[in-house]
Amino acid sequence: EDQVTQSPEALRLQEGESSSLNCSYTVSGLRGLFWYRQDPGKGPEFLFTLYSAGEEKEKERLKATLTKKESFLHITAPKPEDSATYLCAVQAVGGNQFYFGTGTSLTVIP
Amino acid sequence: NAGVTQTPKFRILKIGQSMTLQCTQDMNHNYMYWYRQDPGMGLKLIYYSVGAGITDKGEVPNGYNVSRSTTEDFPLRLELAAPSQTSVYFCASSYQPGLFSGNTIYFGEGSWLTVV
């Protein structure tokens, strides 16, 4: 069964304190791994898609990496506006569905 | 620049009432989805559609129905509302998975439903 597990559930960082969020996945064959940002009261907003182990994507202070079993979302020198819930999802080869993790709630304190 | 549009944003239903959540997308996506999101539970797929006239069940379809008469619209029907259906509902759309690289799923802003 395809599964996605995210850790930690919640993370509090001081502004400028870099850290990483983890997404572990089990899927028969990976078509893609997706990262989303969700602000309170809003729908998830697309950040990155990763397709194969070793791939990396960057956007401002965020960098996503992928191995055969997990993905990391690295946050460098975060700012308060980076506070949000970050969701990870996977899609299997031949599948029509996206499987989501429960998210990591990130709070960046000024 | 609309993307995926859902209505209503908020709704309170009484137990046993029925209602329809509306969803429309203007990106010409052939795939559309309905998810519900409960605290600490992540996004759970209710139903999805791979094109007009074709729908299929997701993980948690009980108590819901869908139809897809056009590419743009994918309404979600709640019959005989129950307190367990209190949740936030998200409609989403995408191109056919794997059609090209960079394909992803785009979400609406959500519909908050309370059943009392």
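In the block above lies the structure referred to throughout.
Residues numbered from 1 in each chain as written. Chains lettered and ligands numbered in written order. Predicted model: local features only at pLDDT ≥ 70, side-chain atom pairs only at ≥ 80, totals over all residues. Heavy atoms only, no water.

Asks: I would appreciate a short explanation of the overall build of chain B in the present structure.
Replies: Helix and strand counts for chain B come out as zero helices and eleven strands. The order of helices and strands in chain B, counted from the N terminus, is β-β-β-β-β-β-β-β-β-β-β. A globule of 116 residues ought to have a C-alpha radius of gyration of about 13 Å, and chain B, at 14 Å, matches this closely. In terms of its C-alpha atoms, chain B occupies a principal-axis envelope of roughly 45 × 30 × 30 Å. Across the 116 residues in chain B, those meeting the buried criterion constitute 46%. For chain B, the share of sequence-separated contacts (at least 6 apart) that also reach a separation of at least 24 residues comes to 55%. Accessible area for chain B stands at about 5,400 Å²; split by element, carbon and sulfur atoms hold 53% of it. Averaging the coordinates of the 8 positive side-chain charges in chain B and doing the same for the 8 negative ones gives two points 9 Å apart. (Helix = DSSP H or I, 4+ residues; strand = E, 2+ residues; numbered from the N terminus. Rg over C-alpha atoms; globule rule 2.2 N^0.38 Å. Buried < 20%, exposed > 50% of the residue type's maximum accessible area, 1.4 Å probe, protein only. Contact = heavy atoms within 4.5 Å. Areas by Shrake-Rupley, 256 points an atom, 1.4 Å probe, with all protein chains shown as cover. Lys, Arg positive; Asp, Glu negative; His and termini not counted. Charge placed at Lys NZ, Arg CZ, Asp CG, Glu CD.)

Asks: Looking at this structure, how should I read unusual backbone geometry?
Replies: Keep in mind that most residues, glycine aside, have a negative phi and that most peptide bonds are trans. The omega torsion of the bond from Ser7 of chain A to Pro8 of chain A falls at -10°, within 30 degrees of zero and hence cis. Of note, Glu60 of chain A is a non-glycine position whose phi angle comes to about 55°, a positive value. For Glu60 of chain A, the position within the fold is in the loop between strand 6 (56-59) and strand 7 (62-66). Judged by relative accessible area, Glu60 of chain A falls into the exposed class, the value being 70%. In the Ramachandran plot, Leu80 of chain B falls in the positive-phi region, its phi being about 55° despite a non-glycine side chain.

Asks: It is not clear to me how the sheet that holds strand 3 (residues 19-25) of chain B should be interpreted in this structure. Could you clarify?
Replies: Strands in a sheet are paired, the pairing made by backbone hydrogen bonds, and the direction either parallel or antiparallel. All names here are of chain B. One open sheet accounts for four strands, arranged 1-3-8-7; its pairing is antiparallel. The two strands at the open ends of the sheet, each matched to only one other strand, are strand 1 (4-7) and strand 7 (64-66). Along the sheet, successive strands turn relative to each other by an average axial angle of 20°, direction set aside. As paired elements, strand 3 and strand 8 (residues 76-78) share three bridges and run antiparallel to each other. Within strand 8, the position partnered with Thr20 by the bridge is Arg77. (Pairing = 2+ DSSP bridges. Axes fitted to C-alpha atoms, helices over the stretch in contact; angles between N-to-C directions.)

Asks: Teacher, can you tell me more about the interface of chain A and chain B here?
Replies: Where the parts come together, the accessible area they lose is often given as the size of the interface. Of the residues lining the interface, 20 residues belong to chain A; the matching set on chain B comes to 27 residues. Here chain A packs against chain B, burying approximately 1,800 Å² in sum over the two surfaces, 56% of which is carbon and sulfur. Linking chain A with chain B are one salt bridge, by the criterion used here. A salt bridge links Glu109 of chain B to Lys42 of chain A; the shortest N-O distance between them is 3.4 Å. Our enumeration of links across chain A and chain B arrives at four residue pairs in polar contact (both at pLDDT 80 or more). The biggest single contributor to the side of chain A that touches chain B is strand 4 (residues 30-38) of chain A, with four residues. (Buried area = accessible area lost by both parts, 1.4 Å probe. Salt bridge = Lys/Arg side-chain N within 4 Å of Asp/Glu carboxyl O. Polar contact = N/O pair within 3.5 Å; in protein donor to acceptor, adjacent residues only side chain to side chain.)

Asks: I would appreciate a short explanation of the nonpolar core in the present structure.
Replies: In summary, soluble globular proteins display a tendency toward joint burial of nonpolar side chains. Ranked by internal contacts, the top residues of the largest apolar core, which has 24 residues, are Leu33, Trp35, Leu73 and Tyr86 of chain A. Elements with a minimum of two residues in this core: strand 2 (10-14), strand 3 (19-26), strand 4, strand 5 (45-50), strand 7, strand 8 (70-75), strand 9 (84-92) and strand 11 (104-109) of chain A. Of all the elements, strand 9 of chain A adds the most residues to this core, at five residues. Leaving out residues up to four positions away in the same chain, Leu73 of chain A has contacts with Ser19, Ser20, Leu21, Trp35, Phe48, Leu62, Lys63, Ala64 and Tyr86 of chain A. Leu21, Tyr64, Val66 and Leu113 of chain B belong to the second largest nonpolar core, which has 19 residues in total. (Core = buried A, V, L, I, M, F, W, Y, C linked by side-chain atoms within 4.5 Å.)

Asks: What's the story with the side chain of Gln37 of chain B in this structure? I'm lost.
Replies: Of note, Gln37 of chain B is situated in strand 4 (residues 31-38). Within polar-contact distance, the side chain of Gln37 of chain B engages the side chain of Gln38 of chain A at 2.9 Å. Among residues more than four places away in sequence, those in contact with Gln37 of chain B are Gln38 and Leu87 of chain A together with Gly42, Leu43, Ser87, Val88 and Phe90 of chain B.

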